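Here are the chains, one letter per residue:
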Amino acid sequence: MALPIPPKTAAKPPHALSAAEALTPLIEATYTSPAIHCYVNGHRTVIDSPNPHWTLLDYIRAQPHLKGTKLGCGEGGCGACTIVLQAPDTSSGKRRIKHRAVNACLFPLVGVDGKHVITVEGIGSVAKPHALQERITKLHGSQCGFCTPGIVMSLYAMVRNAYDPETKRFSLSARDIELEGHLDGNLCRCTGYKPILNAAKTFIVEDLKGQLTEAEEKAEDGKLAREVVGLARNGCEGLPKVSCGRVGGCCRDAPSESDSENKSSTSTPPTEPSMTSTDDQVSAIVDTKKYPVVDSLVSGASYADPLKSKESAGAAQETKTATSLEAPVAGSKHGVPLIQFQEYAPDAELIFPSALWKYELQPLCYGNDKKIWFRPTNLEQLLELKDAYPSVKLVGGASEIQVEVRFKNSDFAVSAYVSDIPELKHTKLPTDTELENAKELVLAANTPLTEIEALCRQVYAKLGKRAIVLEALRKQLRYFAGRQIRNVASLAGNIATASPISDANPVLLAAGATLEVVSKSEGSVDLPISSFFVAYRTTTLPPDAVLSRVRIPLPAPGVREVLKAYKQAKRKDDDIAIVTAAFRIRLDSEGVVEDACLVYGGMAPTTKVSPKTQEALVGRRWFHSETLNAGLSALLQDYDLPYGVPGGMADYRKTLTLSFFFRFWHESAAELGLGEVDNQAIDEIHRAISTGTRDDYNPFEQRVVGKQIAHLSALKQCTGEAEYIDDIPRFEQELFGGLVLSSKAHANLVSVDWEPALAMPGAVGYIDKNSLPEGQNIWGSIKKDEPFFADGKVSHHGQVIGMVYGETALQAQAAAKAVKIEYEVLPAILTIDEAIEARSYFQHDKLLRKGLAITDEMDEAWAQCDRIFEGQTRMGGQEHFYLETNAALVIPSGEDGCMEVWSSTQNTMETQEFVSAVTGVPSNRINARVKRLGGGFGGKESRSVPFACYLAIAAKKEKRPMRLMLNRDEDMLLSGQRHPVQARWRVGVSKEGKLIALDADVYDNAGFSQDMSGAVMDRCITHFDNVYECPNVFLRGHVCKTNIHSNTAYRGFGAPQGMYFSETIMYNIAEGLGMDIDELRWKNLYKIGEHTPFLQKIDEDWHIPLLLEQLGRSSHYEKRKAAVAEFNAKNRWKKRGISLIPTKFGLSFATALHLNQASAYIKIYADGSVLLHHGGTEMGQGLYTKMCQIAAQELGTPLDAIFTQDSQTYQIANASPTAASSGSDLNGMAVKDACDQLNERLQPYREKLSKDATLKEIAHAAYLDRVNLAANGFWKMPRVGFTWGNYDIETVKPMYYYFTQGAGCSEVEVDLLTGDHTVLRTDLMMDVGNSINPAIDYGQIEGAFVQGQGLFTIEETLWTRNGELFTRGPGTYKIPGFSDIPQVFNVSLLRHDNDGKPLNWNHLRSVQSSKGIGEPPLFLGSTVFFALREAVKAARKMNGTRIEEGTEEGKWKLDSPATAERLRLAVGDDLVRRAKVKRNKGETNFLVAVA
Ligand SMILES: Cc1cc2nc3c(=O)[nH]c(=O)nc-3n(C[C@H](O)[C@H](O)[C@H](O)COP(=O)(O)OP(=O)(O)OC[C@H]3O[C@@H](n4cnc5c(N)ncnc54)[C@H](O)[C@@H]3O)c2cc1C
Ligand code: FES
Ligand code: FES
């Protein structure tokens, strides 16, 4: 018998096909197109062989003339990168186009195929601005401008979608602008948002052919919407015979206008119906004109060709200047600004390219050997792909994936873009008949969330309560991420991610949704969502399957079922939930629970149902207090979080779990009509459309100074033409830096191996401590104590160890991550308490003594006191969150070691000095330059310096230009923050409440190096008095050395912290004495002639009493205070609070006397144009504008004759940093000095020529006479010169040149169940002297206030236990957004005494008698904090808990910031008590606050 021959070798085991094996046949058969076809700003664009690693933003920013779209965070959290995608909208069945605002930083480049990409450059330019760009400029909505293009584009999408070209109907309401979340994905750190909203609202008030019908239908917003419609239709005739309250003013507004009570309204009114502030407040007059007029006094310079001979000036060709005043003001009428816009013509907008209508998507594939992209065009192709290679990563909106790629080092080699697959992206709105019998609603899984939101709304409107689940889903989606993300993100992405804090999943689970998943092998399979989430971010989705549809069941008519959803986050808009929930109950006809499904997110590693609670509820009568109680008790068993639970906030999360259920019980009972319920437990905090005024009337205005002139760069900023460091065109041979950062807080560096980094693609070189000259690896602003590069050890997480540089930024960053570092970890000190215990301090022996403290006789002072109070008060830090992260560009010259050093710095001198030190080149060859910063707020005063130095070292080594722009997380890790502080204080008073003695130890958390922490502490203790006289004071400042980043200057520089302590102490005294807080304040206010704790005399310009009186009157404070008490007496679950607080802020660089100097350099050219340089930097605060105004005023020329190019050390030597609110004071005086010199030289020519002679004629004549037309101005601040330790009142010099003073009043409402709050109304009044430019000052006041509001409420910096900064991006760190600003926001300037006589600031010797304003109003953000404190105190009183502050059992404490967590836990109610988490021995909170 013949046998078969056995095989000679063993059979190969089956193996998964490699990507190449699996995908090559598919590519060859189907994916034949490798290029993206799209339009960009109206231009046909083919992107051949796109870079597969690029997002849309990477592509846009690589284009030479598209730098307007900014990188602010790279994680979808700031909106700086917003662009608009224009694409056909097939949902209506008509030929329509839709405009979607999108975050280009997340959006995959592949997704633009077949679409029209519109960037800010595409809609307008300085020469021909879009109406939005013009209006934001003229209404002062752009300060630093880095956020502005993104905001313009979000508004552009909104405005474009508001217009139907077919019917020519334009439908836009204030509600659309403010309450529908069009702007919730955009952040601005400068403006306080109000002017931007005002600019947007001009599109409502304008008469766009009277077609604002829909706004009227949305009657919920009541009066304002109706007024707006009335206004648009009828002008002011349709309104009461008072100011109509239109944004920016009404034609009925006039300086004499007195009745302003009816100007505005809100659906959640503050306690007093009156909305506006002072009776004599007047708004700017805003108008729309075909050809806006221009104020020729301000704008109208002309210049002629330079003349070299004795020709007459008139002989030359004249040209109008068109550079510096691109958005001219129309002028003013009796001191009230006139602002005129061009008409908006919706018909003239950029159209959808006709070629794209015809474009058919082709299967697309491109990439390289590291990464490859597919874009199938139908589901079948996608399933083929998944079947061939299951590891292919599906990409929907990329809002999850791109964050993983960028921040979690995920690398998906094969990706497929699925959001253009019709079967996955189109959800059809069912017809009415279909809906009538519908048992479920079917959603295509990758339908954008904004479309789902709209669909839910439409179906709910038709089906009513049967579709209550859709209303719940809509509510969750409304507060889901920002608009730009919702425009692209999908349910599929949310479900597949399986995040435990997903917002959609709880609703889908509670509703019992079914997921349809489809694969080539199995076809379509239904998976119930209840068994889909199996572990943390793990699902049962088969690897080769695609989520295709989500089916949401609808109950049959008549079923008694309710489903509601809730969410609590740190910030209401665009924030991930702390706890999120959806609850469904079904009752039988007797009201007994048949079925219950309670789902929570944020309480476990997955979205989780609550089995014990559900079991406890079924079979019970729902509307019975025992059921409520049983549910609450069972929830505690379902969610028994340990104290140190990951994510932290165990007490709060448990409390929220109960609170949501409590609210649901009430709400469902009301919904089902089960009986009388407490409606106050149901209502969440709602926001109304914001209103408010600026006191625009300026009786002191001059020809140029005193006028409300728009920021000179604002229009450029709005059109994207304004250049920031990273926008400067690339240089030949340029390289990019990538920083190597420590991953440990405190450790010895055992080894650093950079070889692997240099093996990475594109890497060119590496520098570290060994790359600096001997002894130069050290820097510091005041004390040199910080290494540029870590040397032997690291002292904070994120410390710079080295820098890799490479051909592109992405390559350099990737290479930096490849450096291998071995650490030997050491114990880290993070908090102030730990530093005190370890006695870890920097030397700082500054004391303040006054009265008996000078002679060490404080015991005597204490003996005089009737009552003594003590406390320990903490205040957290604050991230600057300027929108432009630190950036620098160094261009070495071929000769003499010279370098151009562009840096986003507030401090050109220090940049120059340290670049000189690290390169060994003298300062005279280093030109440190900055044109503008995208925000600074103190954060770029010193911490910007090392970045320029790193680049300079590398540039010198390679002889090539070097550039670096930090990622947001790097910036937050590295660049320091506002100092967290703590005070341990003791205060003594008489029984009448007069302050007698004050003693305190004050600590700031400096971090690992000193930076300016000592100076910050000095300002902190010199503002510890705020505005109160205390005869005996002993204050000691301590600077703690810890293992966190080096904290630094931040707007206010320690003063807000000091004044916060002061006001906390005042509240403690008032509460201890049972005295009214305002009475206590008045009793202790400084009087003229008294002395501060640093022995400075209070002079005659003391206006705090005036401010308190006038603001008290205009804000109706007393009446509203009574109304708040009445409100609180009637409301169980909402409480209100109100506070009126004064502030004084000392101006000058306090103890760094040498910094109080400035110089300016002015050159008048023979053609009459003027070039102005000074030492100040422009960071949005309008310094350049103010300086040009001063020069124009002094030189007698129109403003647009003056030009400032940038700040640079080649022009201005030894410039002080632009800081301490003294930029205008110092530089303004220097500018004036230069002008005075020039005017003196020009005087003979002014006399000789006619009195109408222009500067051009005068300058020309002087030039021909060989007169020097360049002048160097200089000023040093007189009088100041405080010396520590001099306690002699006669000889000690003032610390501050003067005090900027102000007062603020805020009223808030708190939801006691969640800790959520809203600011109902804020009124601010500042004494800014004679304002150089009130518009800029209002902007500073509003912006500083909102920054302060953030500081004292939602902005919380947190660390992990091992010392990593946890809050390092907009995802974890929340600054106020558009809907956090006060609902009514009034700002005014002090101008008169109480008898109406103009003030004259006798003691003020500043330029044009103006006052610095950048920092002073920030502290008034604390009015919100203290109002919240009052509201919570009212709740505690109601709950029978103690109201004294303290750490002992039963007392309470509200440290800053007053987060929702702190507020909720302070309420002292039964739910908090029940949810209290026991802290076992040794257990610590997951996250650490380091104050
Ligand atoms: C700034 C910011 C804010 C956010 N805020 C919130 C928030 O408030 N609430 C919240 O819940 N989430 C939030 N997210 C998370 C994220 O936006 C959501 O999870 C979103 O739904 C993801 O959808 P996407 O289409 O962008 O998913 P992608 O990022 O494209 O994909 C996410 C995952 O889903 C998979 N996937 C996509 N489509 C399919 C499909 N058809 N079949 C199978 N798998 C698929 C992908 O492979 C990937 O694993 C936020 C994200 C960011 C960046
Ligand atoms: S850069 Fe895109 S959202 Fe911040
Ligand atoms: S103007 Fe908005 S961030 Fe500066």
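Residues numbered from 1 in each chain as written. Chains lettered and ligands numbered in written order. Predicted model: local features only at pLDDT ≥ 70, side-chain atom pairs only at ≥ 80, totals over all residues. Heavy atoms only, no water.

An unreviewed UniProt entry annotates the chain as Xanthine dehydrogenase of Lentithecium fluviatile CBS 122367.

## Some words on the site of ligand 1
Among the 32 residues in the neighbourhood of ligand 1, the closest are listed as Leu394, Gly396, Ser399, Ser490 and Asp503. One nitrogen or oxygen atom from the main chain of alanine 398 is found 2.9 Å from an oxygen atom belonging to ligand 1. A distance of 3.3 Å separates an oxygen atom of ligand 1 from a polar atom in the side chain of lysine 567. For ligand 1, the protein covers 93% of the area, taking 980 Å² as the surface of the free molecule. Looking at the shell around ligand 1, the elements that each hand over two or more residues are β15 (393-395), α12 (401-407), α18 (491-497) and β22 (546-553). When residues of the shell around ligand 1 are assigned to their parent elements, the largest contribution, five residues, is made by α18. Class assignment of the residues belonging to the shell around ligand 1 gives a composition of 15 nonpolar, ten polar and seven charged. (Near = heavy atom within 4 Å. Polar contact = N/O pair within 3.5 Å; in protein donor to acceptor, adjacent residues only side chain to side chain. Areas by Shrake-Rupley, 256 points an atom, 1.4 Å probe, with all protein chains shown as cover. Helix = DSSP H or I, 4+ residues; strand = E, 2+ residues; numbered from the N terminus. Nonpolar A, V, L, I, M, F, W, Y, C, P; charged D, E, K, R; others polar.)

## Some thoughts on the pairing of strand β42 (residues 1032-1041)
Along β42, eight of the ten residues are buried, which leaves the element largely enclosed by surrounding structure. Of the pairings in the sheet, the one linking strand β33 (residues 841-842) to β42 comprises two bridges and is antiparallel in character. Residue pairing across strands places tyrosine 841 opposite cysteine 1040, the latter belonging to β42. Relative to β42, strand β34 (residues 847-850) is paired through four bridges, and the arrangement is antiparallel. Across the sheet, residue leucine 847 finds its bridge partner in β42, namely arginine 1036. In terms of strand pairing, strand β41 (residues 995-1007) meets β42 through ten bridges, oriented parallel. Each residue of the ladder has a partner; that of aspartate 1001, found in β42, is arginine 1036. The β-α-β motif built from β41, the intervening helix α31 (residues 1013-1021) and the parallel element β42 has right-handed crossover chirality. (Buried < 20%, exposed > 50% of the residue type's maximum accessible area, 1.4 Å probe, protein only. Pairing = 2+ DSSP bridges. Right-handed = clockwise from strand over helix to strand, strands pointing away.)

## Concerning the UniProt feature "domain: FAD-binding PCMH-type" (unreviewed entry) in the chain
Cross-referencing UniProt, the feature "domain: FAD-binding PCMH-type" (unreviewed entry) maps to residues 366-557 in the present numbering. Spanning residues 366-557, this segment combines 37% helix with 22% strand, and its end C-alpha atoms are found 51 Å apart. (UniProt positions renumbered as here; feature names shortened; annotations may be inferred.)

## Notes on unusual backbone geometry
The residue after serine 1456, namely proline 1457, is reached through a cis peptide bond having omega 5°. Along the polypeptide, proline 1457 turns up in the loop between α40 (1422-1438) and α41 (1460-1466). A positive phi angle, near 40°, is found at asparagine 1026, a position not held by glycine. Assignment of secondary structure puts asparagine 1026 in the loop between α31 and β42. Its relative accessible area of 0% is what places asparagine 1026 among the buried residues.

## Some remarks on the packing of helix α1 (residues 19-29) against helix α11 (residues 379-388)
Across the interface, α1 lies against α11 with an axial gap of 9 Å and an inter-helix angle of 155°. Judged on the interaxial angle alone, α11 and α1 are roughly antiparallel. Within the contact between the two elements, α1 uses Ala22, Leu23 and Leu26 and α11 uses Glu384, Leu385 and Ala388. Considering only residue class, the contact of α1 with α11 consists of five nonpolar, no polar and one charged. (Axes fitted to C-alpha atoms, helices over the stretch in contact; angles between N-to-C directions. Parallel < 35°, antiparallel > 145°, perpendicular 65-115°, else oblique. Contact = heavy atoms within 4.5 Å.)

## Describing the sheet that holds strand β29 (residues 763-768)
Strand order in the open sheet made by the eight strands is β29-β31-β27-β39-β36-β37-β38-β47, with mixed pairing throughout. Two strands close off the open sheet at either side, each with one partner strand: β29 and β47 (1207-1208). Set on the sheet, helix α25 (residues 809-817) makes contact with β27 (735-741), β29, β31 (800-806) and β39 (962-965); between it and β27 the angle comes to about 25°. Packing against the sheet, helix α29 (residues 945-958) makes contact with β27, β29, β31, β36 (887-892), β37 (899-903) and β39, and its axis sits at approximately 25° to β36.

## Let's talk about the packing of aromatic side chains
Enumeration over the complete set of coordinates arrives at 45 aromatic pairs. The interplanar angle of 25° and the centroid separation of 5.3 Å between the aromatic rings of phenylalanine 623 and tryptophan 665 together place this pair among those described as stacked. A residue pair is termed long-range when its members are at least 10 positions apart, and phenylalanine 623 in the loop between α20 (611-617) and α21 (625-638) and tryptophan 665 in helix α22 (residues 650-671) qualify at 42 residues. Of the residues examined, tryptophan 665 reaches a relative accessible area of 8% and is grouped as buried. Centroid distance tryptophan 754 to tyrosine 766: 5.2 Å. Interplanar angle 15°. Geometry classified as stacked. Linking tryptophan 754 in the loop between β28 (747-753) and α24 (755-758) with tyrosine 766 in strand β29, this pair joins segments that are twelve residues apart in sequence. Using a relative accessible area of 7% as the deciding quantity, one classes tyrosine 766 as buried. A cation over an aromatic ring shows up here: arginine 986 above the ring of tryptophan 862, its NZ or CZ 4.3 Å from the ring centre. Across the ring face of phenylalanine 1034, the terminal group of arginine 1036 is positioned such that the distance to the ring centre comes to 4.5 Å. (Phe/Tyr/Trp six-rings, centres within 6.5 Å; stacked < 30°, edge-to-face > 60°. Lys NZ or Arg CZ within 6 Å of the ring centre and 35° of its normal.)

## Re the environment of arginine 694
Secondary-structure assignment places arginine 694 in the loop between α22 and α23 (714-719). The sequence separation of arginine 694 and isoleucine 1202 amounts to 508 residues, and the corresponding C-alpha distance is 28 Å. In this structure the side chain of arginine 694 is engaged in a polar contact, spanning 2.9 Å, whose partner is the side chain of glutamate 1342.

## Let's talk about the pattern of salt bridges
Summed over all chains, the structure comprises 93 salt bridges. Between arginine 61 and aspartate 727 there is a salt bridge whose closest N-O contact spans 2.6 Å. Taken together, the residues arginine 61 in helix α2 (residues 56-62) and aspartate 727 in the loop between α23 and β27 connect sequence positions 666 residues apart. Just as arginine 61 is buried, aspartate 727 falls in that class too. The salt bridge involving aspartate 1327 is made with lysine 1411; its shortest N-O contact spans 2.9 Å. Residue aspartate 1327 is found in strand β50 (residues 1317-1327), and its partner lysine 1411 is found in the loop between β52 (1384-1389) and α40; the two are separated by 84 residues along the sequence. The class of aspartate 1327 is buried, set by a relative accessible area of 0%. Classification of lysine 1411 by relative accessible area gives buried; the value is 4%. A cluster of three or more residues bridged by salt bridges with shared partners is formed by Arg1120, Arg1136, Glu1307, Glu1309, Arg1321 and Asp1323. (Salt bridge = Lys/Arg side-chain N within 4 Å of Asp/Glu carboxyl O.)

## Quick word on the confidence of the model for the chain
On average, residues of the chain carry a pLDDT of 92, and 92% of them reach 70 or more. Note that pLDDT drops below 50 for residues 209-267; the model gives that stretch 119 contacts with residues more than four away or on any other chain. (pLDDT = per-residue confidence, 0-100.)

## Let's talk about the UniProt feature "active site" (unreviewed entry) in the chain
Here, UniProt's "active site" (unreviewed entry) annotation points to Glu1415. Considering the arrangement of structural elements, one finds glutamate 1415 in the loop between β52 and α40. Those residues in contact with glutamate 1415, other than ones at most four positions away along the chain, are Arg1051, Gly1052, Phe1053, Phe1145, Ala1220 and Ser1221. Only 2.7 Å separates the side chain of glutamate 1415 from the backbone nitrogen of glycine 1052, close enough to count as a polar contact.

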